[in-house]
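Reading the structure
So you can see what is in the structure, the chains are spelled out below.
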Amino acid sequence: MQMSIIMRLFLIHPGRGNKQKEDFWDFEFERRVLGQTALLPLAIPTIAGATPNDFETVIIDEKIEKINFDDKVDLVGIGAMTSNIKRA
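Now for a description of the structure that goes with this document. Values in this document were obtained by computation on a predicted structure and should not be read as measured data.

Calculation criteria
- Residues numbered from 1 in each chain as written.
- Predicted model: local features only at pLDDT ≥ 70, side-chain atom pairs only at ≥ 80, totals over all residues.
- Heavy atoms only, no water.
- Helix = DSSP H or I, 4+ residues; strand = E, 2+ residues; numbered from the N terminus.
- Buried < 20%, exposed > 50% of the residue type's maximum accessible area, 1.4 Å probe, protein only.
- Contact = heavy atoms within 4.5 Å.
- Areas by Shrake-Rupley, 256 points an atom, 1.4 Å probe, with all protein chains shown as cover.
- Salt bridge = Lys/Arg side-chain N within 4 Å of Asp/Glu carboxyl O.
- Polar contact = N/O pair within 3.5 Å; in protein donor to acceptor, adjacent residues only side chain to side chain.

1. Some words on the overall build of the protein
Scanning the protein for helices and strands turns up two helices and three strands. Mapped in sequence order, the helices and strands of the protein form the string β-α-α-β-β. Out of the 88 residues belonging to the protein, those deemed buried represent 20%. Sequence separation of 24 or more characterises 81% of the internal contacts of the protein that already satisfy a separation of 6 or more. On the protein, roughly 6900 Å² of surface is accessible, and the fraction owed to carbon and sulfur atoms is 57%.

2. Focus on the pattern of salt bridges
The full count for this structure, using the stated rule, is two salt bridges. Here Arg 8 ties to Glu 56 by a salt bridge, and the two come within 3.1 Å at their closest N and O atoms. With Arg 8 in strand E1 (residues 7-13) and Glu 56 in strand E2 (residues 55-61), this pair connects stretches of sequence that are 48 residues apart. On the accessibility criterion, Arg 8 (24% relative accessible area) is partly exposed.

3. Structural notes on the environment of Val 58
Mapping Val 58 onto the fold places it in strand E2. Here the alpha-carbon distance between Val 58 and Ile 12, two residues 46 residues apart in the chain, equals 8.4 Å. In this structure, Val 58 is in contact with Arg 8, Leu 9, Phe 10 and Leu 11, ignoring residues within four places of it in sequence.

4. Some thoughts on the side chain of Thr 51
By secondary structure assignment, the location of Thr 51 is in the loop between helix H2 (43-50) and E2. The class for Thr 51 is buried, based on a relative accessible area of 13%. From its side chain, Thr 51 meets the backbone oxygen of Ile 47 in a polar contact 2.6 Å long. Excluding residues within four positions of it along the chain, Thr 51 makes contact with Leu 9 and Thr 57.

Structure representation (structure tokens):
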């Protein structure tokens with residue numbers, strides 16, 4: 001039996017948005033503290049793994065790619081940390 005996709009789910013980890021010079025949690029600080037690569041928090045991949053197979057699940061890390069706000073999507077989940085909560 002073939003399953004059909006009934007819903008599109010986007011799980012988004014937002015970037016910082018507009019950076020201000022006085023912002024302590026800017027990308028340069030994160031790069032120096034965490035190294036060259038910052039990791040995606042585990043909440044988003046965990047939710048993606050627990051999502052039923054009849055969902056088309058897309059994970060977007062805004063530090064890596066831009067969000068296409070014109071995409072047709074049924075449900076959006078946003079996972080944010082304190083440092084990027086304004087953008088979320």
